[in-house]
Amino acid sequence: MVDVEQLYKDYGVLADAKENASEHKEAYANILSASQGGQKEKRLAAQFIPKFFKYFLSEAEQVIDAQLDLCEDDDGLLRRQAIKELPNLCKDAPDHLPRIADVLTQLLQSEDQAEFNCVQNAFIAVFKLDAKGALGGLFAQIQSGEDLVRDRAIKFLSTKVKSLGPDIITKDVEEQIIEKSKEILHDVTGDEFVAFMKLLSSLSTMQTLLGRQQLVNIAIEQADLKADFVPSDPDCVDKLTQCIKQALPFFSKNVHSTKFIEHISNHVVPFLSELAGPEGTNVKLEVLKLLAEMSTHCGDYEDRGCLEKVHNALLEYMPLPPAEVEEGENGKDSDEPKLQFSIVECLMYTLHQMGKKCPDFFTAEENLDRLKDFRLRLQYFARGNQVYMKQLRADLRDKTGDVLKSDENKIKVVALKITTNIFC
């Protein structure tokens, strides 16, 4: 086994030979063997191997194996030195860059902060040499690596890679990211899906109309709208809401929310009372808020049934007036129903937006009874709404500053906005 003195001699031989260094195979072989020597010899090998690699490209497999062995040494300082030199191997042997990128991805699991930073810096250097090759190694580990490696790789992709700039992340590279991401999205957790959507939405390719439509399509595919919706399954409900939240920023007059609207109207709205979610959350209201937000960008829909289901759901929260009220008499306070203003606000807005695509829903001759019934409910609800607004205004009158910031008054301020919105 070579010692430190011999390594310096071999280094001198190769350095003096300059462009003819390839003639001194024995000297380079000694340096490679030092990767299995003592700690001092290994440290020199970590520096010398990359320096003269370009003269011995025919030995690329053996050279890279030796350097990678050093990257797994027990000595942290030695590991960092070996990792730091990996981009230099990529410069001289670009065909092996994807393999080195694959190894760097695995090294992202290091719990040593100094080493982790070293790995990230080396990886960024590799990206600057060949972003597409680096992505190949990175996505290989995202697809088949262990959970920790996969998690670190996705974080690296969604934070460091997207910040490299257009000179490195070119249009071709972005297309590769999109293509590979779509492959990964067939099997991801909720958090991973969010991370990928943030990454994809940051790409310049996705800032166009077609790009935004593509992002919405990804969210639709991820939601798996053809699968049975189980309202009592919190995971099923959460998956749908997460997909909608990721799609929401991309809806517009040209990118429609129609598929989500139809799905929620037909498969979720009829089962609002059965929706399951985390304890302490109002998942029913959350879903209806999302539906209302999306309805602004609803396109033409063929299934009138979805509008009828929204209408029917709204009727459940807008009761008919009691007989004595309908006849102009005063009803008893104890008989007054508890009105759910937030839910009515969402459903009312949704009905209004969807109704624009079906203007005869109330006005067609065969629908006159429906219109009469709805007006009656609306008038009765409006009375309750006015009473509640009057009460809220009275409660908030003359309250300013810190008093308005109390939890109770904050709720009242929001309630006043909601009741005002319903009939504005």
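The coordinates are above.
Throughout what follows, the structure given in this document is the object of discussion. (Residues numbered from 1 in each chain as written. Predicted model: local features only at pLDDT ≥ 70, side-chain atom pairs only at ≥ 80, totals over all residues. Heavy atoms only, no water.)

1. A short note on the side chain of Asn266
By secondary structure assignment, the location of Asn266 is in helix α15 (residues 258–267). Not counting residues within four places of it along the chain, the set of residues in contact with Asn266 comprises Asp303, Gly305, Cys306 and Lys309. (Helix = DSSP H or I, 4+ residues; strand = E, 2+ residues; numbered from the N terminus. Contact = heavy atoms within 4.5 Å.)

2. Points about the packing of helix α4 (residues 60–71) against helix α7 (residues 97–107)
Where α4 meets α7, the closest approach of the two axes is 12 Å, and the angle between their N-to-C directions is 10°. Taken together, the axes of α4 and α7 are roughly parallel relative to one another. Contacts between α4 and α7 pair Glu61, Ile64, Asp65, Leu68 and Cys71 from the former with Arg99, Ile100, Val103 and Leu107 from the latter. Of the residues belonging to the contact of α4 with α7, the class tally is 6 nonpolar, no polar and 3 charged. (Axes fitted to C-alpha atoms, helices over the stretch in contact; angles between N-to-C directions. Parallel < 35°, antiparallel > 145°, perpendicular 65-115°, else oblique. Nonpolar A, V, L, I, M, F, W, Y, C, P; charged D, E, K, R; others polar.)

3. Details of a negative patch on the surface
Together, Asp172, Glu175, Glu179 and Glu183 line one region of the surface with negative charge. Inspection of the secondary structure puts Glu183 in helix α11 (residues 171–184). (Patch = residues over 30% accessible without salt bridge, like charges linked within 9 Å, V, L, I, M, F, W, Y side chains within 5 Å. Areas by Shrake-Rupley, 256 points an atom, 1.4 Å probe, with all protein chains shown as cover. Salt bridge = Lys/Arg side-chain N within 4 Å of Asp/Glu carboxyl O. Lys, Arg positive; Asp, Glu negative; His and termini not counted. Charge placed at Lys NZ, Arg CZ, Asp CG, Glu CD.)

4. Remarks on the pattern of salt bridges
Tallying each qualifying case throughout the model produces 14 salt bridges. Between Asp151 and Lys155 there is a salt bridge whose closest N-O contact spans 3.5 Å. Here the residue Asp151 and the residue Lys155 both occupy positions in helix α10 (residues 147–159), the gap between them amounting to 4 residues, near one helical turn. For Asp151, a relative accessible area of 31% translates into the label partly exposed. When its relative accessible area of 48% is taken as the criterion, Lys155 is described as partly exposed. With a closest N to O distance of 3.0 Å, Arg304 and Asp360 form a salt bridge. Residue Arg304 is located in the loop between α16 (283–295) and α17 (305–316), and its partner Asp360 is located in helix α20 (residues 360–363); the two are separated by 56 residues in the primary sequence. The class of Asp360 is partly exposed, set by a relative accessible area of 33%. It is possible to trace a salt-bridge network through shared partners that takes in Glu61, Asp65 and Arg99. (Buried < 20%, exposed > 50% of the residue type's maximum accessible area, 1.4 Å probe, protein only.)

5. Concerning the environment of Arg377
Inspection of the secondary structure puts Arg377 in helix α21 (residues 368–396). On the basis of relative accessibility, which here comes to 14%, the residue Arg377 falls in the buried class. Each C-alpha atom of the pair Arg377 and Gln81 lies 76 Å from the other, and the pair is 296 residues apart in sequence. Beyond its immediate chain neighbours, meaning those up to four positions away, Arg377 contacts Leu315, Met318, Pro319 and Leu320. At a separation of 2.9 Å, a polar atom in the side chain of Arg377 contacts the main-chain carbonyl oxygen of Met318. (Polar contact = N/O pair within 3.5 Å; in protein donor to acceptor, adjacent residues only side chain to side chain.)

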